[in-house]
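Residues per chain, in single letters:
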Amino acid sequence: MSFQADFERFTKTFPLKTKRINGLTFNYRLGGNGEKAIVLLVGGLGISDAFYNIFTGLAESFTVLTFDYPAETCRNSVLADGIIEFIRALGLNKVFLIGQSYGGLLAQVIAKRHPENVAGLVLSNTGCLDAEMSEEAKRPMLQMRESLKKSILVSRLLPVFLLRGKLLKMMDKHLQRCTPDEKQYLIDLYKFMFSKLTNRHERNMCSLMIDLENEIDIRKSDYEYLEKKVLLLLSEDDQTFGDLIKQALIEMMPNPVVNTGISGGHLALLLKTDLYVRTVTDFIDHIENTSRLF
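Since the structure is predicted, the reported quantities are computational estimates derived from the model, not experimental observations.

Student: What should I look at first to understand the pairing of strand β3 (residues 37-41) in this one?
Tutor: On a regular strand, one side chain projects to one face of the sheet and the next to the other, so that they alternate. Among the five residues of β3, five are classified as buried, and the element is accordingly described as predominantly covered. Burial of the side chains of β3 extends over both faces: Ala-37, Val-39 and Leu-41 are buried on one face and Ile-38 and Leu-40 on the other. Here β3 runs beside strand β4 (residues 63-67); their pairing, made up of four bridges, is parallel. By the bridge assignment for β4, Val-39 is matched with Leu-65. In this fold, β3 hands off to helix α2 (residues 52-58), which returns the chain to β4; that crossover is right-handed. In the sheet, β3 pairs with strand β5 (residues 95-100) via five bridges, with the strands oriented parallel. Within the sheet, the bridge partner assigned to Val-39 lies in β5 and is Leu-97.

What follows is the structure in structure tokens.
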């Protein structure tokens, strides 16, 4: 099936809705089956429909919520608190946070600030906000900060259509290991997502990621309540954040399950969607089944 036909079916099944909470506007999709609820937090693109296939797969077993990140704030603390208020307004209680890349970092902020609402974490190919992380481990994230500042400047100078073209060229390095069909599908997907980008949205997402520097104050004790309730999906062939940050994340989480076997670099969850969905589903089901024993 082509991307366009596939996505049209998705939007009919899970229509886009809008809700405003505490000054933040959430454009969101909510649906699925099951009592367990998942909040799907996308990466730095900030456009939730990029993961529509993952939403569809997870919705077979869980209630799934996803949304674009609101444009009204560039502070992660404000965004984290707003997300929790939004979740509560929808009648959801404890949720599993599933975060990719930037979404995984945001999930760490939410889980620290609102333990009463978090049932578990699934973090894929993301960074770490450990206050005790070594300076060497922090270096790649600090380098990203400088790159993001340059991106903000570029977004002020380039019209949005040139910005989209620049992002598509950056994507190409992640597509080298794809089959021709996979590559065409991802190109069609990202062309569609990039068509939704605006200069303001790009600057806001860069600002959110820069603001993460203010959140590197988390300690392992903040996550004690998540003992054995954290799954880390850290692809061996993804070096976006580096091995030192991967190890710091593993050490910060309380007895996490670590899976390095989903290949595909930083886009592993898009290239191996079925495996990703199956791995996440099995993990959450295992947690729930174990909890019933005690």
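Student: I would appreciate a short explanation of helix α8 (residues 199-211) in the present structure.
Tutor: Over its 13 residues, α8 runs 18 Å from end to end, which matches the ideal 18 Å to within 8%, given 1.5 Å per residue. Turning to α8, its buried residues are Asn-199, His-201, Glu-202, Asn-204, Met-205, Cys-206, Leu-208, Ile-210 and Asp-211.

Student: How should the state of the cysteines be read in this particular structure?
Tutor: Among covalent bonds in proteins, the disulfide is the one between the sulfur atoms of two cysteines. The tally for this structure, following the rule as stated, stands at zero disulfides. The thiol of Cys-206 is unpaired, and the distance to the nearest cysteine sulfur, on Cys-74, comes to 11 Å.

Student: Help me understand helix α5 (residues 135-157), please; the structure alone is not making it clear to me.
Tutor: Counting along an α-helix, one turn takes 3.6 residues, and residues three or four places apart therefore face a common direction. Taking 1.5 Å per residue as the helical rise, α5 with its 23 residues ought to reach 33 Å, and the 33 Å between its terminal C-alpha atoms agrees with that figure. Looking at α5, one finds that the buried residues are Ala-137, Lys-138, Met-141, Arg-145, Leu-148, Ile-152 and Ser-155.

Student: Which parts of the structure should I look at to understand the nonpolar core?
Tutor: The nonpolar side chains of a soluble globular protein tend to be buried with one another. Core analysis: the largest hydrophobic core is formed by 94 residues, its most contacted members being Leu-41, Phe-67 and Leu-121. When residues of this core are assigned to their parent elements, the largest contribution, seven residues, is made by helix α4 (residues 102-113).

Student: Sorry, what's going on with the packing of aromatic side chains here?
Tutor: When we look at a pair of aromatic rings, we describe it by the centre distance and by the angle of the planes. Under the definition given, this model contains 17 aromatic pairs. A ring pair is formed by Phe-10 and Phe-14, whose centres lie 5.5 Å apart and whose planes are at 50°; its orientation type is tilted. By relative accessible area, which is 4% here, Phe-10 ends up buried. Residue Phe-14 is classed as buried on the basis of its relative accessible area of 10%. Geometrically, the ring pair formed by Phe-10 and Tyr-52 is tilted, given 5.4 Å between the ring centres and 55° between the ring planes.

Student: In this structure, what is going on with the sheet that holds strand β1 (residues 17-21)? I would like to understand it.
Tutor: Hydrogen bonds between backbone atoms are what pair the strands of a sheet, whose relative direction is either parallel or antiparallel. Taken in spatial order, the eight strands make up an open sheet running β1-β2-β4-β3-β5-β6-β7-β8, and their pairing is mixed. The open sheet terminates on both sides in strands that have one partner only, identified here as β1 and β8 (257-259). Each adjacent strand pair in this sheet contributes to an overall mean axis angle of 25°, direction not counted. Note that strand β6 (residues 118-124) and strand β7 (residues 230-233) share four bridges and pair parallel. Its bridge partner lying in β7, Val-122 is registered against Leu-231. The strands touched by helix α3 (residues 76-89) are β1, β2 (24-32), β3, β4 and β5; relative to β2, the strand with the most contacts, the crossing angle is about 45°. The strands touched by α4 within the sheet are β3, β5 and β6, with β5 carrying the most contacts at an inclination of about 145°.

Reading the values: the criteria
Residues numbered from 1 in each chain as written. Predicted model: local features only at pLDDT ≥ 70, side-chain atom pairs only at ≥ 80, totals over all residues. Heavy atoms only, no water. Buried < 20%, exposed > 50% of the residue type's maximum accessible area, 1.4 Å probe, protein only. Helix = DSSP H or I, 4+ residues; strand = E, 2+ residues; numbered from the N terminus. Pairing = 2+ DSSP bridges. Right-handed = clockwise from strand over helix to strand, strands pointing away. Expected span 1.5 Å × (residues − 1). Disulfide = S-S within 2.5 Å. Core = buried A, V, L, I, M, F, W, Y, C linked by side-chain atoms within 4.5 Å. Phe/Tyr/Trp six-rings, centres within 6.5 Å; stacked < 30°, edge-to-face > 60°. Axes fitted to C-alpha atoms, helices over the stretch in contact; angles between N-to-C directions. Contact = heavy atoms within 4.5 Å.

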